[in-house]
Amino acid sequence: MPSFLTRQPGKGILVTLFFVVFPPRLVLMALYFLPKPLRQHPKYTFHQAVGVALFKMLWNFASQIEWAPPKSLEPGKDKTFLAIDSAEGRLYRDVLDDPIIRPARMGAIWYPRTYDPATDKDKNVVLHFHGGAYVLGGCRPMEVGEGPALLASHISGLVFAAQYRLASYPNSRFPAALQDAVTSYNYLVELGIPASQIILSGDSAGGNLAIALLRYIEDQKGLLPKSRACFLWSPWVDLAIGPVATASHHNYKFDYIPALLVEWGERAYKPDSMEATHPYISPLNNAFSTSVPILLHTGTLEVLYDSHIAFVNQMKIPGNKIVLVETVGAPHDIFAAGQITGFMKEAEAAMDDANEFLKLRTDCLESTIDGPDPQG
């Protein structure tokens, strides 16, 4: 909950202390993980052990102070960044029609370059939503990691990464992010890109958002055309999990998701009028029919791993096509955090599988990518 640490002067004091102790703490962390027996997992490399611990420390600190740096709709140094206006009102129906949270102007960025209808008309375009528990992250290169640019390369296409509104800012709880998802999807359609060439994609909370958009398109039949496929990278499918269950999960010591971030994300994103188990908040235990093929990638050392297995099994209903791709021994969301956590090779292998899935558009593809043995 908001506290002395999330407001000034408490936040300023904590930030100052953090940066004072960060360098020696990083050195001590590196020294600690030099011996293999002290690493979170016996198969983790030195890079992986330090990367996972560092990421967990940073995300926990950001959650403590409820860090919300200002977002800009100006391109700055990101030349492929653009701002797009909300679409016509009829596209925001039912669950998106909120008296307080209204559709708004939003940002997005192209990877690796801006779409050119003259040369890119036959290319696949991925609409990607970043992770960060709906309270952190963004679409710019320093925020989103290597994932979007690498995915564009692996599918020989383009990625359009959306800067949807974060719930860590005023009046930006649900349904703000889903309104922005509709805005960005409609923008691509109005560019003249056939829906049969658009792939929905999202990592972590962005995976939750991609599922919500997929559900909305299915619920509002005929309002928007269906996409070609959907890629889910370590999606957050259960916002009802809570911090206690997160911290007590058998994979918690291997993963970098702090329990405090889970608590903050759910509290900030979910309106008081909705339960955390609502279909548009938590897709787990809320299966739905869709003709859009889905690929879900997970790491077997994720805190969210069990929920991924359950969601995939629940979605295996007649007419659906969903495939699970596992990276053995990987923590959460190596799509976005592979470089920091030392799992880039495994992340790229998962993207290769996504490209194969895109070509096959079938549920016969099954893959397990070798990584550290979870049994050690």
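Computed from a predicted model, the values in this text were never measured in an experiment. (Residues numbered from 1 in each chain as written. Predicted model: local features only at pLDDT ≥ 70, side-chain atom pairs only at ≥ 80, totals over all residues. Heavy atoms only, no water.)

A few points about the overall build of the protein chain
1) Next: Check the secondary structure of the protein chain and you find twelve helices and nine strands.
2) Next: For the protein chain, the C-alpha radius of gyration of 20 Å lies close to 21 Å, the compact-globule estimate for 376 residues.
3) Next: Within the protein chain, the fraction of its 376 residues that count as buried is 58%.
4) Next: Contacts spanning at least 24 positions in sequence make up 80% of the contacts within the protein chain whose residues lie at least 6 apart.
5) Next: When the accessible area of the protein chain is evaluated, it comes to approximately 15,400 Å², of which 57% is carbon and sulfur surface.
6) Next: Between the centroid of the 32 positive side chains of the protein chain and the centroid of its 37 negative side chains there is a distance of 3 Å. (Helix = DSSP H or I, 4+ residues; strand = E, 2+ residues; numbered from the N terminus. Rg over C-alpha atoms; globule rule 2.2 N^0.38 Å. Buried < 20%, exposed > 50% of the residue type's maximum accessible area, 1.4 Å probe, protein only. Contact = heavy atoms within 4.5 Å. Areas by Shrake-Rupley, 256 points an atom, 1.4 Å probe, with all protein chains shown as cover. Lys, Arg positive; Asp, Glu negative; His and termini not counted. Charge placed at Lys NZ, Arg CZ, Asp CG, Glu CD.)

Notes on the packing of aromatic side chains
1) Next: Counted according to the given criterion, the structure contains 17 aromatic pairs.
2) Next: Centroid distance Y32 to F33: 5.1 Å. Interplanar angle 80 degrees. Geometry classified as edge-to-face.
3) Next: You can call F33 buried: its relative accessible area is 7%.
4) Next: On the basis of an interplanar angle of 55 degrees and a centroid distance of 5.3 Å, the ring pair of F55 and W59 is categorised as tilted. Of the two residues, F55 and W59 are both situated in helix 2 (residues 46-65); the distance of four residues between them amounts to about one turn of the helix. W59 shares its class with F55; the two are buried.
5) Next: Taken together, the aromatic side chains of F129, Y134, Y164, F174 and Y269 make up a single cluster linked through ring pairs.
6) Next: Over the aromatic face of Y252 sits the side chain of K56, whose NZ or CZ is 3.6 Å from the ring centroid. (Phe/Tyr/Trp six-rings, centres within 6.5 Å; stacked < 30°, edge-to-face > 60°. Lys NZ or Arg CZ within 6 Å of the ring centre and 35° of its normal.)

So, the side chain of T290
1) Next: Relative to the elements of secondary structure, T290 occurs in the loop between helix 9 (259-269) and strand 7 (294-299).
2) Next: Relative accessible area serves as the criterion here: at 5%, T290 is assigned to the buried category.
3) Next: Those residues in contact with T290 that lie beyond four places of it in its chain are L214, E218, M315, G319 and N320.

Some thoughts on the pattern of salt bridges
1) Next: Across all of its chains, the model carries 13 salt bridges by this definition.
2) Next: In this structure, the salt-bridge partner of R90 is E88, at a minimum N-O distance of 3.1 Å.
3) Next: Note on R90: relative accessible area 44%, which makes it partly exposed.
4) Next: Relative accessible area serves as the criterion here: at 46%, E88 is assigned to the partly exposed category.
5) Next: K226 is the partner of E218 in a salt bridge, and the nearest nitrogen-oxygen pair spans 3.2 Å.
6) Next: Among the residues examined, E218 registers a relative accessible area of 6% and is labelled buried.
7) Next: Under the relative-accessibility criterion, K226 is labelled partly exposed at 39%. (Salt bridge = Lys/Arg side-chain N within 4 Å of Asp/Glu carboxyl O.)

Looking at unusual backbone geometry
1) Next: The omega angle of the peptide bond from Y111 to P112 is -10 degrees, so this bond is cis rather than trans.
2) Next: Mapped onto the elements, P112 comes out in the loop between strand 2 (106-111) and helix 3 (117-120).
3) Next: In this structure, P175 follows F174 across a cis peptide bond, with omega equal to 10 degrees.
4) Next: By the element assignment, P175 lies in the loop between strand 4 (158-163) and helix 6 (176-190).
5) Next: Although it is not a glycine, S204 adopts a positive phi angle of roughly 55 degrees.
6) Next: Even without a glycine there, the phi angle at S234 is positive, about 50 degrees.
7) Next: Of note, S234 is situated in the loop between strand 6 (229-233) and helix 8 (242-247).

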